[in-house]
Every structure is written in structure tokens, then in C-alpha cells.
Amino acid sequence: MIGKICGTGSYIPPKILSNNDLSEMVETNDEWIRERTGVRNRHIAEHETASFMAAEAAKRALENAGVSPEEIDLILVASSSPDVIFPSVACEVQKEIRAVNAAGYDMQAACTGFVFAYQSAQAYIAAGFYKTILAIGTETLSSMVDWTDRGTCILFGDGAGAAVIRAAEGTAYLPAAHSDGCRGDALVCRSRFSSEFVEAFKKTGETPKDTYISMDGRGVFQFAVKSVPQIVTEVLDKAGLGTEDIDWFILHQANKRIVESVAKRLKTDIGKFPMNLQEYGNTSSASIPILLDEMNRDGRLEKGQKIVIAGFGAGLSWGASILEW
Ligand code: COA
């Protein structure tokens, strides 16, 4: 048995922050941001929490799949920005959608989170542990962004995406997954629950800078354009497939130039690399399921198509899987 995605859903907060809005907050401009990143807008959670958005995306995915909440065996939530440490987002979703028969837990692998959740779901289904799994990516990164740092605040946005994965007959494809903690300093956000933070906050009344996202932009860019083509080639080799056998390459939506560079390095038509980062920015673990949901609903995804999903980000971590729609 393999796991097949039988429904998708997403939730995007309605509040939009445009490049022009940002140019009133930091020294930047629409042209620079669009040229270097491809992003025009990002959506920002106001009252919405990571759990709320995850539950909304989950409800829409269940409706799309025609699966009832009681049928869900496991809820896997990838998130780096949960609203509370515990209970987990997965338990909040379980409560909200009344998935009374489901267990659930959260996974933290930054922007690779959804790919790792998808791979875990496949392993559970192949082992016969579970039949129906809800995999979710949800983020409120806006709460972790330093809105005075023009190098990072232009990139990120909030949102959630979900997929219902069900046991079915089909071809099993082996995944590819990597982590390299030695390069972890390239993309960091320190905990606000450490004693150092609490002491610093008590003294100044301000959130210490190192508890916002800090990033070596060029370093992360170089990591992405090198490691993503490698990992895509790795999953294709494991499956005995070539890029020509793949209908869509759904990459984590970090930066238009990263996606274009990956397409070029794989010598593959950029038309096979859909993007929606122009509207949402980088929504970390949510970006792949949000894009999958958009493509599912607008009819771009057709039964039998082969899709590569590939994520990369803090850790450093990166991973890819092949799935058949
Ligand atoms: N607006 C205007 N100028 C800006 C700017 C902004 N928002 N951000 C940086 N700059 C300036 C810099 O200060 C620098 O000026 P200088 O030459 O006078 O020193 C210049 O632009 C170039 O900065 P640099 O950081 O080298 O730009 P870049 O081409 O590498 O683009 C990123 C910066 C962040 C867009 C790019 O590195 C990137 O996208 N990296 C990957 C980040 C990512 O995807 N992270 C998440 C992975 S999951």
C-alpha cells in the first residue's frame, strides 16, 4: 500500500501586505523586491493563529476529499510557529474538526516540514499503522520576523495548507531527505522561552533581536540552488525516472530566482515549476500544500500525473518525494 493524496485545502489570511506597504516601513522598494525575490504581496495573520489556520485548511481538505473527520487516523502538523508550545497544533486541529479517532503530533523542520510530514505519512501507511492521515503545514512567521530588517521582512508570509493522504494501490517511490546541522547558523530564530530571553526582556521591555528570524541570505540562496537539483535528481534516480517523466515540480516557494535556477540546473522547462510566491511570499512549511491546493482546485492537477515535491530550509534540511496524482 502507498498513500495517495485524495483531497487538499488551504487557508490564507485576508490581510495583504504589499511591497509598497513595506517600503513605508523599511528602506526598500517594489522593484527591488520583485527583481530579487519575485514576491509582490504576502498575507499576514491578524486574529488567526497557526492552529486556527491549520484547522480551516484541514476542514477544506476533508470536504475536498469527501472524507469525514472520524475516518482520520493520524494528524501530522509541520510548523515552526505554533501559537503555544503545548498542546500541539495537531491536538488543537483534532479538537476543532472533531477527528475523534485520530492521534496527532507536530513536527518541526522549518520549510522542509511538509515534505517530511508527507514522507512520514507514507511510511506509516506502508507499515500498515494507519490508513488515513491528515498532513498539514501551518505558519505565522510574521510573528517571528524583525520588521526593521529589510533583508528578511520582505520574504515571509502566513498561511496553512493541508492534504488528506489515504492508503491505496500504487507505485511506491522512495523518498530523499537530508539534514546538516553544521550549517544551521545560516538561518536561525532563537527561542523566546529561554532564560536569556526572559532576562533581556525584563531589562529592556523589548524583544531581543536574536529571537527574530536571522539569515545569511546569500548562503541560503547558494544552499538552495545547489541542494534542490541534487535531491530532485536523487529521488528520480531512485525511481528510475527522468525529469521528462515528471509533470510538475512543486518546490518550496522561497524565491522566484531559486525556482528558476533549479529549473535551469535540471535542464527542464520552467513551465513545469508552478509558483504562487508572488502573492504569498515564503510561507515555510505551508507553501507546498497551499500550491498543491491551488493547482488541485484550478484543474491543473490531473489523475495519473507525476509530481515531485521538494522542500528546503532551516536546519539546514532538505527533502523530496515523488507522488502520483
Ligand atoms: N531592499 C533594498 N535593498 C536591499 C534589501 C531590500 N529589501 N535587502 C538588502 N538590500 C541591499 C543590501 O543591503 C545590499 O546593499 P549593499 O550592496 O549596499 O551592501 C544589496 O541590497 C545586496 O544585498 P544581498 O543580501 O547581497 O542581496 P541578494 O541579491 O542576495 O538578495 C535575498 C537578498 C535575501 C533576497 C536573497 O539572498 C535570498 O533570497 N536568499 C534566500 C533567502 C531564502 O530564501 N530564505 C528562506 C529559505 S527557506
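Reading the values: the criteria
- Residues numbered from 1 in each chain as written.
- Predicted model: local features only at pLDDT ≥ 70, side-chain atom pairs only at ≥ 80, totals over all residues.
- Heavy atoms only, no water.
- Near = heavy atom within 4 Å.
- Polar contact = N/O pair within 3.5 Å; in protein donor to acceptor, adjacent residues only side chain to side chain.
- Areas by Shrake-Rupley, 256 points an atom, 1.4 Å probe, with all protein chains shown as cover.
- Helix = DSSP H or I, 4+ residues; strand = E, 2+ residues; numbered from the N terminus.
- Nonpolar A, V, L, I, M, F, W, Y, C, P; charged D, E, K, R; others polar.
- Domains from an automatic or database assignment.
- Pairing = 2+ DSSP bridges.
- Axes fitted to C-alpha atoms, helices over the stretch in contact; angles between N-to-C directions.
- Contact = heavy atoms within 4.5 Å.
- UniProt positions renumbered as here; feature names shortened; annotations may be inferred.
- Parallel < 35°, antiparallel > 145°, perpendicular 65-115°, else oblique.
- Left-handed = near helix turned anticlockwise from the far one by under 90°.
- Buried area = accessible area lost by both parts, 1.4 Å probe.

Once that is clear, we can look at the site of the ligand. Contacts to the ligand come from 22 residues, most closely from Thr 28, Arg 36, Arg 150, Arg 218 and Asn 255. At 2.6 Å, a side-chain N or O of Thr 28 approaches a nitrogen atom of the ligand. Separating an oxygen atom of the ligand from a side-chain N or O atom of Arg 150 is a distance of 2.9 Å. Contact with the protein chains covers 74% of the free accessible surface of the ligand, which is 970 Å². For the shell around the ligand, the elements supplying multiple residues, two or more each, are α2 (30-37), α7 (217-239), α8 (256-265) and β12 (306-313). Counting residues per element, the shell around the ligand draws most heavily on α7, at 4 residues. Its residues assigned to classes, the shell around the ligand shows 9 nonpolar, 8 polar and 5 charged. Residue contributions to the shell around the ligand reach at least three from each of two domains, namely domain 1 (2-168) and domain 2 (176-324).

As a further point, take the sheet that holds strand β4 (residues 74-78). Strand order in the open sheet formed by 5 strands is β1-β7-β6-β4-β5, and the pairing between neighbours is mixed. Of all strands in the sheet, those with a lone pairing partner are β1 (2-11) and β5 (103-107), marking the two edges. On average, adjacent strands in this sheet sit at an angle of 20 degrees to one another, irrespective of strand direction. Alignment of β1 against strand β7 (residues 159-168), held across 9 bridges, turns out to be antiparallel. Considered in β7, the bridge of Lys 4 is made with Arg 166. The sheet contacts of helix α10 (residues 287-297) involve β1, β6 (132-139) and β7, and relative to β1 the element is tilted by about 90 degrees.

As annotated in UniProt, the feature "domain: Beta-ketoacyl-[acyl-carrier-protein] synthase III N-terminal" (unreviewed entry) corresponds to residues 105-171 in the numbering used here. Secondary structure over residues 105-171 splits into 22% helix and 31% strand, and the C-alpha atoms at its two ends are 27 Å apart.

Below, the discussion takes up the side chain of His 252. Along the chain, His 252 turns up in the loop between β11 (248-251) and α8. Among the polar contacts listed, one links the side chain of His 252 to the side chain of Asn 282, at a separation of 3.2 Å. Separated by 2.8 Å, the side chains of His 252 and Ser 287 make a polar contact. Leaving out residues up to four positions away in the same chain, His 252 has contacts with Cys 111, Asn 282, Ser 284, Ser 287, Ile 288, Ala 310, Gly 311 and Phe 312.

What follows deals with the packing of helix α3 (residues 50-65) against helix α4 (residues 89-97). Interaxial distance between α3 and α4 falls to 9 Å at its minimum, and their mutual angle equals 50 degrees. Looking at the two axes, α3 sits oblique to α4. Seen from above, α3 lies across α4 with right-handed handedness. Contacts between α3 and α4 involve Ala 50, Ser 51, Ala 54, Ala 55, Ala 58, Lys 59 and Leu 62 from the former and Val 89, Glu 92, Val 93, Glu 96 and Ile 97 from the latter. Classifying every residue of the contact of α3 with α4 gives 8 nonpolar, 1 polar and 3 charged.

It is worth spelling out the packing of α7 against α8 at this point. Two elements in contact, α7 and α8, have axes separated by 9 Å at closest approach and are oriented at 35 degrees. Relative to α8, α7 is oriented so that their crossing is right-handed. Counting all contacts with α7, which are made through Phe 221, Ala 224, Val 225, Lys 226, Val 228 and Pro 229, the residues of α8 involved are Arg 257, Ile 258, Ser 261, Val 262 and Arg 265. Counted by class, the contact of α7 with α8 contains 7 nonpolar, 1 polar and 3 charged residues.

Each assigned domain of the protein chain is listed here: domain 1 (2-168) and domain 2 (176-324). Computed over C-alpha atoms only, the centres of domain 1 and domain 2 are separated by 13 Å. Listed by partner, the interface residues are 51 residues for domain 1 and 45 residues for domain 2. Summed over both sides, the interface between domain 1 and domain 2 buries roughly 3700 Å², with carbon and sulfur atoms accounting for 58% of that surface. Applying the counting rule to domain 1 against domain 2 returns 27 residue pairs in polar contact (both at pLDDT 80 or more). When residues of the side of domain 1 that touches domain 2 are traced back to their parent elements, those giving at least two are β1, α2, β3 (41-43), α3, α5 (113-127), β6 and β7. Ranked by the residues each element gives to the side of domain 1 that touches domain 2, the list is headed by α5, at 6 residues. When grouped by side-chain class, the residues that make up the side of domain 1 that touches domain 2 number 20 nonpolar, 21 polar and 10 charged.

Pairing within the open sheet is mixed, and its 4 strands lie in the order β8-β13-β12-β11. Taken across any chain shown, the strands that pair with only one partner, and hence form the sheet edges, are β8 (176-179) and β11. Shown here is a sheet whose adjacent strand axes are inclined to one another by a mean of 15 degrees, direction ignored. Note that β12 and strand β13 (residues 317-324) share 8 bridges and pair antiparallel. The residue bridging Gly 311 from the neighbouring strand is Gly 319, located in β13. Where α5 meets the sheet, it contacts β8, β12 and β13, and its direction lies at approximately 50 degrees from that of β13.

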